[in-house]
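Report on the structure
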Amino acid sequence: MISVPHLSRLLVVLIVALVVTGCAGREDPTLGWSASQLYGEAKNALNEGNYDQAVEYYEKLEARYPFGRYAQQAQIEIPYAYYKAGEPEPALAAVDRFEQLNPRHPNLDYAYYLRGLINFNRQQGFLADLFPRNPAEMDPEPFDQSFQDFDRLIREFPDSRYAPDAYQRMIYIRNALAAYELRVAEFYMERTAWVAAAQRARNVISTYPGTEVMPKALAVLHRAYTELGLEDYAENTMTVLELNYPDAAVAVRAGEPVELEGQERRGLWRVMDRIPFLTN
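Residues numbered from 1 in each chain as written. Predicted model: local features only at pLDDT ≥ 70, side-chain atom pairs only at ≥ 80, totals over all residues. Heavy atoms only, no water.

**Looking at the nonpolar core**
The condition is simple: Residues enter a nonpolar core if they are buried and are Ala, Val, Leu, Ile, Met, Phe, Trp, Tyr or Cys, with the set joined through side-chain atoms within 4.5 Å. Between buried and exposed lies partly exposed: a residue is buried under 20% and exposed over 50% of the maximum accessible area for its type, with that area taken using a 1.4 Å probe on protein chains only. Comment: elements are numbered from the N terminus, with helices defined as DSSP H or I runs of at least four residues and strands as E runs of at least two. Contact definition: two residues touch when any of their heavy atoms are within 4.5 Å.
Counting 60 residues, the largest nonpolar core has Tyr-58, Tyr-113, Ile-118, Phe-150 and Val-213 as its most contacted members. Here this core gets 10 residues from one element, more than from any other, and that element is helix α9 (residues 163–190). In this structure Tyr-113 touches Phe-150, Leu-153, Tyr-162, Asp-165, Ala-166 and Arg-169, once residues within four positions along its chain are discounted.

Following this line, the structure appears as structure tokens:
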């Protein structure tokens, strides 16, 4: 029979052997890979939609080969991989790092564009979840930040290949932010908070002139002024409606809802109109 001390020593030896074997089994398969091989595998993973794997390879490339063209290329592709993986915060941090390390990089315009795109798509929740119990509590800041990012791109790189798309996204963002403000105004109007409704409607008109929701904003403002007994202000608002949006003015005078032109063709407005405010 094996004595207790000998058995204990044997168990210790077996445990150590298992630990060593386990560590050996977890050996990094990328050890010994060249910079070009790491970059190539990262790029393949990115193209195949394996974004987490791509990030892992890119980061190993930077850690092992911090100098050279592959590391620099990895720096601009890492934020894109994070973005595609649905991780906006690490993606934005990676863009910041790229800009700090490469202030004169020929693809700096792409970094600006990517930053705007990341913030733009952070708003999928903003659009998909319209609206929470109290829309006044929503924070449109990331969408506004996206607008600033695209504006910076266009100002600093007006001839960039990304500028036309950025400009179109800026138009969309401006209309969406105006629509958000309008829906908050309507939220207050539905609760007969006429002063708050008038303030929000005026904010749409002053901050986002020319946006697609303008006739609705004027209609809300006219209703709020009327309910507050401010007849002169109401009539002045109606005059603006009649001069700029005669069809909307006719609807308001008839007590009918104002419809946006081309509303059925714009998914944003369809979403906004069909989702009620939940108060229970």
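There's more to say after this.
**As for the packing of helix α8 (residues 141–156) against α9**
Using the following cut-off: Helix axes are fitted only over the stretch in contact, all axes being lines through C-alpha atoms; the angle between N-to-C directions runs from 0 to 180 degrees. Between 65 and 115 degrees an angle is taken as roughly perpendicular, under 35 as roughly parallel, over 145 as roughly antiparallel, and anywhere else as oblique. What makes a crossing left-handed is the near helix being turned counterclockwise from the far one by less than a right angle; a clockwise turn instead makes it right-handed. Here the nonpolar group is Ala, Val, Leu, Ile, Met, Phe, Trp, Tyr, Cys and Pro; Asp, Glu, Lys and Arg are the charged ones; every other residue, Gly included, is treated as polar.
It is at 9 Å that the axes of α8 and α9 come closest, and there the two elements cross at 150°. Overall, the two elements α8 and α9 adopt an arrangement that is roughly antiparallel. Helix-helix and strand crossings are classified by hand; for α8 and α9 the assignment is left-handed. Across the interface between the two elements, Phe-143, Asp-144, Ser-146, Phe-147, Phe-150, Asp-151, Leu-153 and Ile-154 of α8 pack against Ala-163, Ala-166, Tyr-167, Arg-169, Met-170, Tyr-172, Ile-173, Arg-174, Ala-176 and Leu-177 of α9. In the contact of α8 with α9, the residues fall into 13 nonpolar, 1 polar and 4 charged.

**Regarding the packing of aromatic side chains**
Note the threshold: Two rings belonging to Phe, Tyr or Trp (six-membered ring only in the last case) form a pair when the distance between their centres is within 6.5 Å. Interplanar angles under 30 degrees mark stacking, angles over 60 mark edge-to-face geometry, and anything in between is tilted. Over a ring means this: the NZ of a Lys or the CZ of an Arg is within 6 Å of the ring centre and within 35 degrees of the ring normal.
Evaluated as defined, the whole model comprises 13 aromatic pairs. Aromatic pair Tyr-110 and Tyr-162: ring centres 5.5 Å apart, planes at 50°, arrangement tilted. Taken together, the residues Tyr-110 in helix α6 (residues 108–121) and Tyr-162 in the loop between α8 and α9 connect sequence positions 52 residues apart. Ring geometry for Tyr-113 and Tyr-162: centres 5.0 Å apart, planes at 20°, overall stacked. Here the residue Tyr-113 occupies a position in helix α6, and Tyr-162 occupies one in the loop between α8 and α9, the gap between them amounting to 49 residues. Aromatic rings pair up to connect Tyr-110, Tyr-113, Phe-150 and Tyr-162 into one cluster. Here Arg-69 stacks its cationic end above the ring of Tyr-70, 4.3 Å away from the centre of that ring. Its guanidinium or amino end placed over the ring of Tyr-112, Arg-152 lies 3.8 Å from that ring's centre, counting from NZ or CZ.

**With respect to the confidence of the model for the chain**
Here is the rule we go by: Per-residue confidence from the prediction method is given by pLDDT, with values spanning 0 to 100.
Per-residue pLDDT for the chain has a mean of 82; in total, 78% of the residues score no lower than 70. Taken together, the stretch residues 126–136 has pLDDT below 50 and engages in 32 contacts with residues farther than four places along the chain or on a different chain.

**Details of the environment of Phe-147**
Within the fold, Phe-147 resides in helix α8. In this structure, the C-alpha to C-alpha distance between Phe-147 and Leu-117, residues 30 residues apart in sequence, is 9.6 Å. In contact with Phe-147, not counting residues within four places along its chain, are Met-170, Ile-173 and Arg-174.

**Concerning the pattern of salt bridges**
Which entries qualify depends on this criterion: What makes a salt bridge here is a side-chain nitrogen of Lys or Arg within 4 Å of a carboxyl oxygen of Asp or Glu, nothing more.
Overall, the coordinates contain 18 salt bridges when judged by the stated rule. Here Glu-77 and Lys-43 are joined by a salt bridge, their closest N and O atoms 3.3 Å apart. Pair noted here: Glu-77 is in helix α4 (residues 69–84) and Lys-43 is in helix α2 (residues 35–47), with a separation of 34 residues, a long-range link. Assessed through its relative accessible area of 6%, Glu-77 is described here as buried. Note on Lys-43: relative accessible area 29%, which makes it partly exposed. Salt-bridge contacts for Glu-156 lead to Arg-152; the nearest nitrogen and oxygen are separated by 3.5 Å. In this pair, Glu-156 and Arg-152 both sit in helix α8, 4 residues apart, roughly one turn of the helix. Residue Arg-152 is classed as partly exposed on the basis of its relative accessible area, which comes to 27%. Linked by salt bridges that have partners in common, Asp-96, Glu-99, Arg-115, Arg-152 and Glu-156 make up one network.

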